Amino acid sequence: MKKILLLFLVTFIVTPSFAAIDTWFNTNPFKQHKEEINLKKIYSDIYDKDGINIKKNLFEFKYSYKEGRPYEYLITNNTDSDLFLKGVDSEYHANKNITRKSHWTRVNVRYYKYWHTYVPFADDYFGARSTIEQKPYLYDFPKNYTIKPGDSLRILAMGLELKKIQTLTFIFENNGQELKIEF
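Everything in this summary refers to the structure shown in the same document. Per chain, residues are indexed from 1 in the order of the written sequence. Reporting of local features is limited, given that this is a predicted model, to residues whose pLDDT is at least 70; pairs of side-chain atoms are given and counted only at 80 or more, and all residues count toward the totals for whole chains, interfaces and linings. Values reported for side chains reflect all heavy atoms of the structure, with hydrogen atoms and water molecules removed beforehand.

**Quick word on the sheet that holds strand E4 (residues 83–90)**
Consider a sheet: its strands pair through backbone hydrogen bonds, and that pairing is either parallel or antiparallel. For the record, the criterion: At least two bridges found by DSSP between two strands are what make those strands a pair. For helices the rule is a DSSP run of H or I covering at least 4 residues; for strands it is a run of E covering at least 2, with both sets numbered from the N terminus onward. In this analysis, axes come from line fits to C-alpha atoms, helices being fitted only over the stretch in contact, and the angle between any two N-to-C directions falls in the range 0 to 180 degrees.
Across the sheet, which stays open at both edges, the 4 strands sit in the order E5-E4-E7-E8 with antiparallel pairing between neighbours. Edge positions in the sheet fall to strand E5 (145–147) and strand E8 (177–182), since each of these pairs with one other strand and no more. Recorded for the sheet is a direction-independent mean angle of 35° between the axes of neighbouring strands. In this sheet, E8 lies alongside strand E7 (residues 168–174) in antiparallel orientation, the contact comprising 6 bridges.

Shown next, in the form of structure tokens:
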């Protein structure tokens, strides 16, 4: 009995730490979402400097509104040369960033705070809807991505701060110089 309890305890303690490491079961590589977003837009802002245009849109989930907030970043290269995105750094997002940190386990923990989690059929309905709605926003942030002149990159992110608008730090390399943009 002690061995089973110890195995359970080790599994419980170690699992969140695996969220920060690229392991075989926690790999969700970046891919661009091509479909239209059918959520209510709450906020929009634009950064335009040195030929780099970043548009940030904040939306509101219909079913997962208690678990996080969806963001969309559209990066457009208006320079004459290729723009190399080394990575994206974040403080409190569910997506895995360049430093390999991720807070995706907190999304699951938040789900267990609400009533529908403990009602059998309501849990099936709301849980499935919530998972489908969150899926495009949980991919890792892009690393080592080249944006051609005139092209755009679309990044979806899930911020875990429910009360404030969060920022991301984009790390670019342009003509051999590193450029960090916090937006």
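**A look at the pairing of strand E3 (residues 69–77)**
Here is the rule we go by: Burial here depends on accessible area, computed with a 1.4 Å probe over protein chains only, as a share of the maximum for the residue type. Under 20% is buried, over 50% is exposed, and the range in between is partly exposed.
Where burial is concerned, most of E3 is hidden: 8 out of the 9 residues are buried. Inspection of the sheet shows strand E2 (residues 52–60) paired to E3 by 7 bridges, in the antiparallel sense. By the bridge assignment for E3, Lys56 is matched with Tyr73. With 8 bridges connecting them, E3 and strand E6 (residues 152–159) associate as antiparallel partners. Residue pairing for E6: Tyr73 is matched across the bridge by Ile155.

**Some words on helix H3 (residues 120–134)**
Since the α-helix turns once every 3.6 residues, residues separated by three or four places project in the same direction. What counts here: The length a helix should cover is 1.5 Å for every residue beyond the first. Note that the arc is defined by the directions from the helix axis to the C-beta atoms.
In a regular helix each residue adds 1.5 Å, so 15 residues correspond to 21 Å; H3 covers 21 Å between its end C-alpha atoms and thus fits that length. Among the residues of H3, Ala122, Gly127, Ser130, Glu133 and Gln134 are the ones counted as buried. Buried residues in H3, looked at end-on, bunch into an arc of 130°, giving them a common side. Summarising the geometry of H3, the exposed residues directed more than 90 degrees from the buried face are Pro120, Phe121, Asp124, Thr131 and Ile132.

Honestly, that's just the spatial picture; any functional story needs more than this.
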